[in-house]
Amino acid sequence: ELNRLTAGQIERIEIVKGPGSVLYGSDAMGGVINIITHQPGEGFGGSVDVQAGVRDGGGAERYTAAANLYGGDELTPFSLFANATTRNAYEVGTTADVLVTGNRVPPSTHGNANSPLRNIQDQYRFDEQRLDEADVYNLGVILNRRLTDTLEAELELGRMEENRTRDYVNTGRTNTHYTNNANGQIFPAFNVPTRWTDDNQRTDLAAALNWQPDGHFNVNYRIHHSRYEKSRSVTALPWEDLGFAARGDSNTAGRNTTTKGLPNELLGTWRPDDQHTLLAGAEYRDMDGRWDGGLFAQHEWQATERLDLVYGLRYDEASLGEDNTS
């Protein structure tokens, strides 16, 4: 999630040019941008990053504050990071021309003078938000522990809370609270001023083991559990005119979803000399009952001082879609 990484968390960025499908999957056809974050180290230190920005002409003010702290000793280093971002909306005065029923007629022309749809105005003037308002908070900790001279363990915990809201014109269907007396069907409205709100939480827990018996061979295993809870409401701004007793009653398009994921990764690296690097590994991921997995191997060979050869093979299989060989 690139917008949740602060500059202070990044140690370096690697640009891998050309196809990288063997290591990174079938989507990595044109290259890979690999962002490497700071890892715990000996000693004690930290950094603070504060940013503020505004759109030319006003609006969309954005404020970010982040802090990183690291410390510990050779056996148990740790790092801690936290950041908060607040962004205001960018608003433009807009007129919403409301239409009702499947014939899409102005409310004032529907039926006779007693039609409940005539409670809805033909036009609403309001400030439409071209950019959503957002408050995003992140907190994370990484703890390393050297178990033996060749084995190291890592534990990582992350928490994100996010709230976003936006007022806009919903050109699609908005249900009113009025029904057709003849068949009981709900009358729809279109081009209604609407407010959507997202209230999201994400929790990540990861553990890893890294075994390095010598300077030539390394094996790393990582398991990562993620839980993402999204609560969305979509309510009409003129909810009273649409016949609802409360704003929340007009939330006919909102939903609550929870997504859970459990990726497993295993990677072995062997460097017999400076000219050869052999990588082999496996991945398996379960996302709410849907799964995918892959096996891969790659050889990097510095054939001459001016020629590098990189070649490999990958096989992917998934519960949805076709199997794939890269």
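Residues numbered from 1 in each chain as written. Predicted model: local features only at pLDDT ≥ 70, side-chain atom pairs only at ≥ 80, totals over all residues. Heavy atoms only, no water.

1. Concerning the overall build of the chain
In terms of helices and strands, the chain carries one helix and 17 strands. For 326 residues, the compact-globule formula gives about 20 Å, and the C-alpha radius of gyration of the chain, at 27 Å, lies well above that figure. Projected onto its principal axes, the C-alpha positions of the chain cover 90 × 45 × 40 Å. Counting all 326 residues of the chain, 32% fall into the buried class. (Helix = DSSP H or I, 4+ residues; strand = E, 2+ residues; numbered from the N terminus. Rg over C-alpha atoms; globule rule 2.2 N^0.38 Å. Buried < 20%, exposed > 50% of the residue type's maximum accessible area, 1.4 Å probe, protein only.)

2. Quick word on the side chain of Asp316
Mapped onto the secondary structure, Asp316 falls in strand 16 (residues 307–318). With a relative accessible area of 16%, Asp316 lands in the buried category. Among the polar contacts made by the side chain of Asp316, one reaches the side chain of Arg314 at a distance of 2.8 Å. Contacts of Asp316, omitting those with residues within four sequence positions, involve Gly293, Gly294, Asp323 and Asn324. (Polar contact = N/O pair within 3.5 Å; in protein donor to acceptor, adjacent residues only side chain to side chain. Contact = heavy atoms within 4.5 Å.)

3. Describing the pattern of salt bridges
On inspection of all chains with the given rule, the structure shows 18 salt bridges. A salt bridge links Asp198 to Arg232, with the nearest nitrogen and oxygen atoms 2.7 Å apart. Note that Asp198 is positioned in strand 11 (residues 186–211) and Arg232 in strand 12 (residues 217–236), a separation of 34 residues in sequence. We classify Asp198 as buried; its relative accessible area is 3%. (Salt bridge = Lys/Arg side-chain N within 4 Å of Asp/Glu carboxyl O.)

4. Side note on the nonpolar core
Counting residues in hydrophobic clusters, the biggest one holds 13 residues, and the most contacted among them are Val98, Val100, Leu117, Ile120, Tyr178, Val192 and Leu242. Top element by residues in this core is strand 11. It accounts for three residues. Residues contacting Leu117, with those up to four places away along its chain left out, are Val100, Thr101, Pro107, His110, Thr176, Tyr178 and Phe187. (Core = buried A, V, L, I, M, F, W, Y, C linked by side-chain atoms within 4.5 Å.)

5. A few points about the pairing of strand 13 (residues 255–273)
For strand 12 and strand 13, the ladder comprises 14 bridges, and the chain directions are antiparallel. From the neighbouring strand, Asn220 faces strand 13, where its bridge partner is Leu267. Relative to strand 14 (residues 276–287), strand 13 runs antiparallel, the two sharing 11 bridges. Looking across to strand 14, one finds that Glu265 is bridged to Glu283. Hairpin remark: strand 13 followed by strand 14, antiparallel, with two residues in the connecting loop. (Pairing = 2+ DSSP bridges.)

6. Side note on a nonpolar patch on the surface
A cluster of nonpolar side chains, contributed by Phe44, Leu69, Leu80, Leu139, Val141, Leu143, Leu155, Leu157 and Leu205, occupies part of the molecular surface with about 790 Å² of accessible area. Mapped onto the nonpolar patch, the elements with two or more residues apiece are strand 9 (133–146) and strand 10 (151–179). For Leu143, the position within the fold is in strand 9. Residue classification places Leu143 among the partly exposed positions, given a relative accessible area of 40%. (Patch = residues over 30% accessible without salt bridge, like charges linked within 9 Å, V, L, I, M, F, W, Y side chains within 5 Å. Areas by Shrake-Rupley, 256 points an atom, 1.4 Å probe, with all protein chains shown as cover.)

7. Overview of the environment of Arg130
For Arg130, the location among the structural elements is in strand 8 (residues 123–131). Accessibility expressed as a relative area gives 44% for Arg130, which makes it partly exposed. Sequence spacing of Arg130 and Ala89 is 41 residues, and the spatial spacing of their C-alpha atoms is 7.1 Å.

8. Things to note about the packing of aromatic side chains
One pass over the full model with this rule turns up two aromatic pairs. Considering the side-chain rings of Trp211 and Phe217, the 6.0 Å spacing of their centres and the 85° angle between planes classify their relative orientation as edge-to-face. Measuring from ring centre to ring centre gives 6.2 Å for Tyr284 and Trp291, while their planes differ by 25°; the resulting arrangement is stacked. A relative accessible area of 40% places Tyr284 in the partly exposed class. Of note, Arg104 hangs over the ring of Phe190, and the distance from its end group to the ring centre comes to 3.8 Å. (Phe/Tyr/Trp six-rings, centres within 6.5 Å; stacked < 30°, edge-to-face > 60°. Lys NZ or Arg CZ within 6 Å of the ring centre and 35° of its normal.)

9. Describing unusual backbone geometry
Its identity is not glycine, yet Ala60 carries a phi of approximately 60°, on the positive side. Assignment of secondary structure puts Ala60 in the loop between strand 3 (45–53) and strand 4 (62–72). Of the residues examined, Ala60 reaches a relative accessible area of 12% and is grouped as buried. With a phi close to 60°, Asn191 is a non-glycine residue in the positive phi region.

10. A short note on the environment of Ala28
Tracing the chain through its elements places Ala28 in the loop between helix 1 (21–24) and strand 2 (31–37). Exposure remark for Ala28: the relative accessible area of 8% places this residue in the buried category. Taking C-alpha positions, Ala28 is 8.5 Å from Gly18, a pair spaced 10 residues apart along the chain. With near-sequence residues (within four places) excluded, Ala28 lies in contact with Pro19, Gly20 and Ser21.

11. Regarding the side chain of Thr235
Relative to the elements of secondary structure, Thr235 occurs in strand 12. Owing to a relative accessible area of 8%, Thr235 belongs among the buried residues under this scheme.

12. Thoughts on the environment of Asp199
Examined against the element boundaries, Asp199 turns out to sit in strand 11. C-alpha separation for the pair Asp199 and Arg285, spaced 86 residues apart in sequence, amounts to 26 Å. In contact with Asp199, not counting residues within four places along its chain, are Glu162, Asn163, Glu229, Lys230 and Ser231. Polar side-chain contacts of Asp199 include one of 3.1 Å to the side chain of Gln201.

In short, geometric facts, not functional conclusions.
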